[in-house]
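Examining the three-dimensional arrangement
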Amino acid sequence: MPQNKPSSISWLLRYLLPVKGRMLVLLLLLLTSTGVQLLNPQIIQRFIDTASSQGPLDSLLTLAGIFLVLAVCSQLLTVLLSYLGNDVAWRATNRLRADLLNHCLRLDMRFHNLKTPGEMIERIDGDVSGMSNFFAMFVVQIVGSFILLAGILGYMFVFNWPIAIVMTIFTCVSVGAMFVIRDLGVKSSQAEREASAVLFGFIEERIAGIEDVQTSGSVPYVMRRFHLAMRNVFVRGRKAWMLRVVPWNVTVSLFAVAVTAVLLMGVHLYITGQVTLGALFLIFQYTQMLNDPIEQLGNQMQEFQKAKSGMRRSREILSMESEIRGGTEDSLPEGPLAVEFSHVNFSYNQGNPILRDISFRLEPGERLGLIGRTGSGKTSISRLLLRLYNLNSGVIRIGGVDIRTLRLEVLYRRVGMVTQDVQLFDGTLRDNLTLFNSRMSDEEIWDTTGKLGLRPWIDSLPQGLDTHLKAGGASLSAGEAQLFALTRVFLTKPSLVILDEPSSRLDAATEAALQTAVDKLMEQCTGIVIAHRLSTLEATDQIMVLGGGRILEFGSRQALAQDPKSGYAELLRDDRQEELA
Ligand SMILES: Nc1ncnc2c1ncn2[C@@H]1O[C@H](COP(=O)(O)OP(=O)(O)OP(=O)(O)O)[C@@H](O)[C@H]1O
């Protein structure tokens, strides 16, 4: 849902104000550089006039010396300008990148389900990089260009007003034309960025699924799709570029006309003896120099178009609001938490209900075994408990508090979840276990890893807890990753823990050993265990059987096991028969 957008100017100021000091220095440097540029042709004019009138050698040498010093200063200023410009660009855009990432990390799962990681990278970095020149140089170059134009025209008015009038007309028409057609390329630049985001999304998706791509022999298919995506970027990019350079081409054509007119006038003045040879050079040089600020304005217009499309896309993301909003309540009862679902209905997409009228209660410290066929909604229940999605209707309470009223930080601190997919981050084993929480001591890590039987594995690593793990999980087997995820969640000492298929990838012996440890760790909290293997649920107090998004059965595990008519007892019988077979 879009929020009230701040105006473009106030949005821009948010990123430019923190670098205002540097921008001011940049502007001063640019003014100095402009002064030097204006001075140089005048030195040459004097040099030519002195030389053509057989003037003293001393004056010529002095003028040559001044010219040299100014040329060196001009180069130094160019280097300084470029350094400071980049510095300002990085500072301003890094702030925007950080804002975008921070915002995206807080957006709800419905948003993330629609975006590929590659597309997100393009939006957080690609779009912003397209704005960096704009952030660095736009204001400075626009102001600087106008000052240079004013300097050249002002001097020409003093020097020779008819030529100055021709130059002024040319300048006004060029700049006016540029402003009129400045938005020409914005839409196509936006389309170019969108195509580029799709391309990045495509590459990321295929690289992430590299094993499947290779083993299914679909590399040629992927390459075909890749070429199509690249072609789309190329076609859109070409169109955007062409529309961006139109304003520039208009000024180049106008410029050719203006230079011809001014030169003809200058030559006429020289032939009729109204100006010296040096002055003719000055006229020619200033006419040429007029091109620089106008070209700069044209370039900045192009940058502005690119930046405007990036800005629109960035502002669009920043104006999206997460449907999950934390409450203000931050107190929950100490110790294990009760869980209560009351008439909960939920769907990921409208018109496709996933959970229907779910109501149940778990007392503090109780353990629930959640079973049901594939796709019956078990994982969805766990996602709702952690507020990854909002409910369609109904209430979920933990510790007697409606989770919508709880601060999200409190909810995440007290509820832990082990999902089927374990995510590893680029960092040490310790970082990955504590999730970069430096307050967690090594003793706590050793204690929990010891209980879960992970210690021999850690000891076998050359650098123990300091071993570097690669992001994505390539350095762990699937079973090790599950043990890892269990350790990670129990280290946070949760008051409610949800284990989604916690041992599906472990061998029977490891599972049995782990079960005892998990049972012990779960004594401190309320637990929900989702499992296909019924043996995983032997220590649970309650059993819930889900089917088609509804509760088919809910009750004490022992009572259900002993009731021959219960679905759970039937599943147990099937399980035993499978084992006997
Ligand atoms: N992000 C999502 N967007 C849309 N539909 C989804 C999403 N995640 C799950 N579903 C659908 O919701 C239904 C329930 O999925 P859920 O993952 O909760 O089932 P499950 O019982 O945990 O299945 P499994 O035993 O395979 O893990 C399925 O039909 C699934 O296709």
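Residues numbered from 1 in each chain as written. Predicted model: local features only at pLDDT ≥ 70, side-chain atom pairs only at ≥ 80, totals over all residues.

By the naming in an unreviewed UniProt entry, the chain is ABC transporter ATP-binding protein, taken from Paenibacillus oceani. Comment text from UniProt for the chain, heading Subcellular location (unreviewed entry), reads "Cell membrane". (UniProt positions renumbered as here; feature names shortened; annotations may be inferred.)

With that settled, consider the overall build of the chain. If you tally the helices and strands in the chain, you get 19 helices and 12 strands. Each principal axis of the C-alpha atoms in the chain carries an extent, and together these give about 120 × 55 × 50 Å. When each of the 581 residues of the chain is scored for burial, the buried share is 30%. (Helix = DSSP H or I, 4+ residues; strand = E, 2+ residues; numbered from the N terminus. Buried ≥ 20, exposed ≤ 12 C-beta atoms within 10 Å, placed from the backbone.)

Turning our attention to the confidence of the model for the chain. Residues with a pLDDT of 70 or more make up 95% of the chain, whose mean pLDDT is 84. Among the prediction metrics, the complex's ipTM stands at 0.96, with pTM recorded as 0.70. (pLDDT = per-residue confidence, 0-100.)

Moving on to the nonpolar core. Counting 57 residues, the largest nonpolar core has L370, I398 and L486 as the members making the most contacts within it. No other element matches helix α16 (residues 478-491), which puts six residues into this core. Once residues within four sequence positions are removed from consideration, I398 is found in contact with L332, L337, A338, V339, I403, V415 and L496. (Core = buried A, V, L, I, M, F, W, Y, C linked by C-beta atoms within 7 Å. Contact = placed C-beta atoms within 7 Å.)

It is worth spelling out the domain arrangement of the chain at this point. In many analyses, interface size is given as the accessible surface area lost on bringing the parts together. Here the domain parsing of the chain yields domain 1 (8-318) and domain 2 (339-422 + 476-580). Spacing between the C-alpha centres of domain 1 and domain 2 amounts to 58 Å. (Domains from an automatic or database assignment.)

What follows is about the site of the ligand. Lining the immediate surroundings of the ligand are N113, Y348, N349, I354, G372, T374, G375, S376, G377, K378, T379 and S380. With three residues, helix α11 (residues 378-385) is the single largest residue contributor to the shell around the ligand. Here the residues of the shell around the ligand sort into two nonpolar, nine polar and one charged. (Near = placed C-beta within 6 Å. Nonpolar A, V, L, I, M, F, W, Y, C, P; charged D, E, K, R; others polar.)

Time to look at the UniProt feature "transmembrane region" (unreviewed entry) in the chain. On the UniProt side, "transmembrane region" (unreviewed entry) is annotated at positions that read residues 59-85, 134-157, 163-181 and 246-271 here. Secondary structure across residues 59-85 divides into 100% helix and 0% strand, with the first and last C-alpha atoms of the span separated by 38 Å. As annotated, residues 134-157 has a helix share of 100% and a strand share of 0%, and its two end C-alpha atoms lie 33 Å apart.

Looking now at the environment of L27. Tracing the backbone through its elements, the reader meets L27 in helix α2 (residues 20-52). For the pair L27 and Q141, spaced 114 residues apart in sequence, the C-alpha separation works out to 8.2 Å. In this view, L27 contacts V140 and V143; residues no more than four positions away in its chain are not counted.

To continue, consider the sheet that holds strand β1 (residues 339-347). Read across the sheet, four strands follow the order β2-β1-β4-β5 without closing on themselves; strand pairing throughout is antiparallel. The two strands at the open ends of the sheet, each matched to only one other strand, are β2 (353-362) and β5 (401-402). Sheet topology note: the β1/strand β4 (residues 393-398) ladder contains five bridges and is antiparallel. Residue pairing for β4: N345 is matched across the bridge by S393. (Pairing = 2+ DSSP bridges.)

On to the sheet that holds strand β12 (residues 550-556), then. Spatial ordering of the open sheet is given by β6-β9-β10-β3-β11-β12, a layout of six strands whose pairing is mixed. This sheet does not close on itself; its edge strands, each paired only once, are β6 (415-418) and β12. Strand-to-strand twist in this sheet, taken as the mean axis angle between neighbours without regard to direction, amounts to 15°. Bridge count for strand β3 (residues 367-372) against strand β11 (residues 542-547) is five bridges, and the pairing is parallel. Bridging from a neighbouring strand, G369 pairs with I543 of β11. Of the strands in this sheet, β6 and β9 (496-500) touch α16, which is tilted by about 180° from β6. (Axes fitted to C-alpha atoms, helices over the stretch in contact; angles between N-to-C directions.)

For helix α7 (residues 186-208), with 23 residues, the first-to-last C-alpha span of 33 Å sits near the 33 Å given by 1.5 Å per residue. Restricting attention to buried positions, one finds in α7 the residues V186, S188, S189, Q190, E192, R193, A195, S196, A197, L199 and F200. (Expected span 1.5 Å × (residues − 1).)

Packing of helix α14 (residues 442-451) against α16 leaves a shortest axis separation of 9 Å and a crossing angle of 130°. Between α14 and α16, the crossing angle belongs to the class labelled oblique. By crossing handedness, the relation of α14 to α16 is classed as right-handed. Where α14 approaches α16, its residues E444, I445, T448 and T449 are matched on the opposing element by T487, F490 and L491. For the contact of α14 with α16, the per-class residue count stands at three nonpolar, three polar and one charged. (Parallel < 35°, antiparallel > 145°, perpendicular 65-115°, else oblique. Left-handed = near helix turned anticlockwise from the far one by under 90°.)

Burial within β3 is extensive, with six of its six residues counted as buried. Residues R367, G369 and I371 of β3 are buried on one face, and the alternating residues L368, L370 and G372, pointing to the opposite face, are buried as well. Across four bridges, the pairing between β3 and strand β10 (residues 526-530) is parallel. Across the sheet, R367 pairs through a bridge with G527, a residue of β10.

Its identity as a non-glycine residue notwithstanding, R387 has a phi of 55°, on the positive side. Along the chain, R387 falls in the loop between α11 and β4.

With that settled, consider the pairing of β6. Consecutive side chains along a regular strand alternate between the two faces of the sheet. The alternating pattern of β6 places V415 and M417 and G416 and V418 on opposite faces, both of which are buried. Of the strand pairs in this sheet, β6 and β9 are connected by four bridges, and their pairing is parallel. Along β9, the bridge assignment pairs G416 with V497.

Right, let's talk about the packing of helix α5 (residues 117-159) against helix α10 (residues 277-318) for a bit. Packed helix pairs are characterised by how far apart their axes lie and by the angle those axes make with each other. It is the contact of α5 with α10, at a shortest axis distance of 7 Å, that shows an interaxial angle of 150°. Looking at the two axes, α5 sits roughly antiparallel to α10. Where α5 crosses over α10, the handedness of that crossing is left-handed. Residue composition of the contact of α5 with α10, by class: 19 nonpolar, eight polar and six charged.

Tracing the sequence through the fold places Q274 in the loop between α9 (219-271) and α10. Put simply, Q274 and Q463 are 189 residues apart on the chain and 86 Å apart in space, counted from C-alpha to C-alpha.

The next subject is the environment of G567. With respect to the element layout, G567 can be found in helix α19 (residues 567-580). C-beta crowding within 10 Å serves as the criterion here: with 16 such atoms nearby, G567 is assigned to the partly exposed category. Measuring from C-alpha to C-alpha, the distance between G567 and L546 comes to 10 Å, with 21 residues separating the pair along the chain. Apart from the residues lying within four places of it in its own chain, the contact partners of G567 are V545, L552 and E553.

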